[in-house]
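Here is how the chains run, residue by residue.
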Amino acid sequence: GFSDLSCTSQKVPCTSTERYLSHSLQIYPIHLPQETRTRRALLICNIEFEHLSRRDGAEVDVEGMTKLLEGLDYAVDVHRNLTSQEMATVMKDFANRKEHLTSDSTFLVFMSHGVRAGLCGTKSRDETTDILSLDTIYKEFNNKHCQALLGKPKVVIIQSCRGGRVGSVMVSDSADAAVPAPSSSLMIPPGLENDAVCEVHLESDFATFHSSTPDTVSWRSTVTGSLFIRCLIEQFRNHAWNSDIQELFRKVQYSFGKFPRQLPAQERVTMLRKFYLFPGC
């Protein structure tokens, strides 16, 4: 049974200081003051495509997200109109930035046409050509390939369709029909006997927020931008001061209650603590 896991039932009074310390251990720490902290964010937005329709209104999303992230003290690297290979290269370069060593977190924002398998590059024709697999994002920023962000929150925001039919009132971000996502098996890091090295999860501290559930479309106005990005910006501005990142995500999801054609989805969440953008509040 569970005899080896027995614990005392006696309650030990704890001081307010002990309660505070216990609570703080459940929150990602921010060690550096704002003056020396170097938060950076990556934003990739594809608007013009060789074979797919132009994503009118997407520039509004870029402007809104850039302004939001800058207000949260992130310097934003913005890239537009990249192929899948160029997106992968940009991610690799961003993962290697030395500023992550003196940062506490990062945001990775992707906006493009999309299919079930991933994000469309600018040369994409259908669901199989010039597609960036979402697994590439996690590979570039996991604890093996991006150790400067080890133990730090990595928030992934993805605005794209994941399959489905094109709408008529607003513009859908779907490139074509849905296809099954490729399976991926993560390699377990080999055990190390050196006392100076500790074993960690290969992929931890991620929080991913898709604009829609698998196989469904995301909706975008050609004038005011994507519904998902617009709602996300609104909720962050109103509640980031006292809500952790997953609670902010939930508030965005709740705001779609009156628009049943789309529901944002939290996926591949591996955060071990709560991430507050303003932990002192």
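That block above? That's the structure.
As the structure is a computational prediction, the values presented were derived from the model and not from experiment.

Draft legend 1. Representation of the pattern of salt bridges. Throughout the structure, instances matching the rule amount to 18 salt bridges. The residue D77 makes a salt bridge to R97 at a minimum N-O spacing of 3.0 Å. Here D77 is found in strand β2 (residues 75–80), whereas its partner R97 is found in the loop between α3 (84–95) and β3 (106–111), with 20 residues between them in sequence. Residue D77 is classed as buried on the basis of its relative accessible area of 12%. Classification of R97 by relative accessible area gives partly exposed; the value is 27%. For the salt bridge of E247 with R250, the shortest nitrogen-to-oxygen distance reads 2.8 Å.

Draft legend 2. Here's a closer look at the nonpolar core. Ranked by internal contacts, the top residues of the largest apolar core, which has 39 residues, are M65, F107, I157, F236 and I245. When residues of this core are traced back to their parent elements, those giving at least two are β1 (40–45), α2 (58–71), β3, β7 (154–159), β9 (206–210), α5 (227–239) and α6 (245–255). In this view, I245 contacts F107, V155, A207, F236, M271 and F275; residues no more than four positions away in its chain are not counted. Among the nonpolar cores identified, the runner-up in size contains 22 residues, and M87, F94, L134 and C146 belong to it.

Draft legend 3. Seen up close, the sheet that holds strand β4 (residues 114–115). An order of β4-β5-β6 is seen for the three strands of this open sheet, with the pairing classed as antiparallel. Two strands close off the open sheet at either side, each with one partner strand: β4 and β6 (131–133). Here strand β5 (residues 118–120) pairs with β6 via three bridges, running antiparallel. Note on β6: the bridge partner recorded for G118 is S133. Packed onto the sheet, α3 meets β5 and β6 and runs at close to 40 degrees relative to β6.

Draft legend 4. Broad picture of the packing of aromatic side chains. One pass over the structure, following the stated rule, counts eight aromatic pairs. For the pair Y74 and F107, a centre-to-centre distance of 5.2 Å together with 75 degrees between the ring planes defines the contact as edge-to-face. Of this pair, Y74 sits in the loop between α2 and β2 while F107 sits in strand β3, placing them 33 residues apart in sequence. In this pair, the class of Y74 matches that of F107, namely buried. Counting every residue linked through ring pairs, the aromatic cluster contains Y74, F107 and F236. Just above the ring of F206 sits the side chain of K154; from NZ or CZ to the centre is 5.4 Å.

Cut-offs and rules
- Numbers given to residues run from 1 along each chain, matching the order in which its sequence is written.
- In keeping with the model being predicted, local features are shown solely for residues with a pLDDT of at least 70 and side-chain atom pairs are shown and tallied solely at 80 or more, while totals for entire chains, interfaces and linings include all residues.
- Values reported for side chains reflect all heavy atoms of the structure, with hydrogen atoms and water molecules removed beforehand.
- Counted as salt bridges are all cases of a side-chain nitrogen of Lys or Arg within 4 Å of a carboxyl oxygen of Asp or Glu.
- Helix and strand assignments follow DSSP, with helices taken as H or I runs no shorter than four residues and strands as E runs no shorter than two, numbered in order from the N terminus.
- Buried, partly exposed and exposed residues are distinguished by accessible area as a fraction of the type maximum, computed with a 1.4 Å probe on protein chains only: under 20%, between the cut-offs, and over 50%, respectively.
- To qualify as a nonpolar core, a set must consist of buried Ala, Val, Leu, Ile, Met, Phe, Trp, Tyr and Cys residues joined through side-chain atoms within 4.5 Å.
- Should any heavy atoms of two residues lie within 4.5 Å, those residues are counted as being in contact.
- DSSP bridges decide pairing: two strands pair if at least two such bridges lie between them.
- Only the stretch in contact is used when fitting a helix axis, every axis being a line fitted to C-alpha atoms; angles between N-to-C directions are given from 0 to 180 degrees.
- Note on aromatic contacts: the rings of Phe and Tyr and the six-membered ring of Trp form a pair at centre separations within 6.5 Å, being stacked when their planes are under 30 degrees apart, edge-to-face when over 60 apart, and tilted otherwise.
- Ring-over charges, as used throughout, are those where CZ of Arg or NZ of Lys falls within 6 Å of the ring centre and within 35 degrees of the ring normal.

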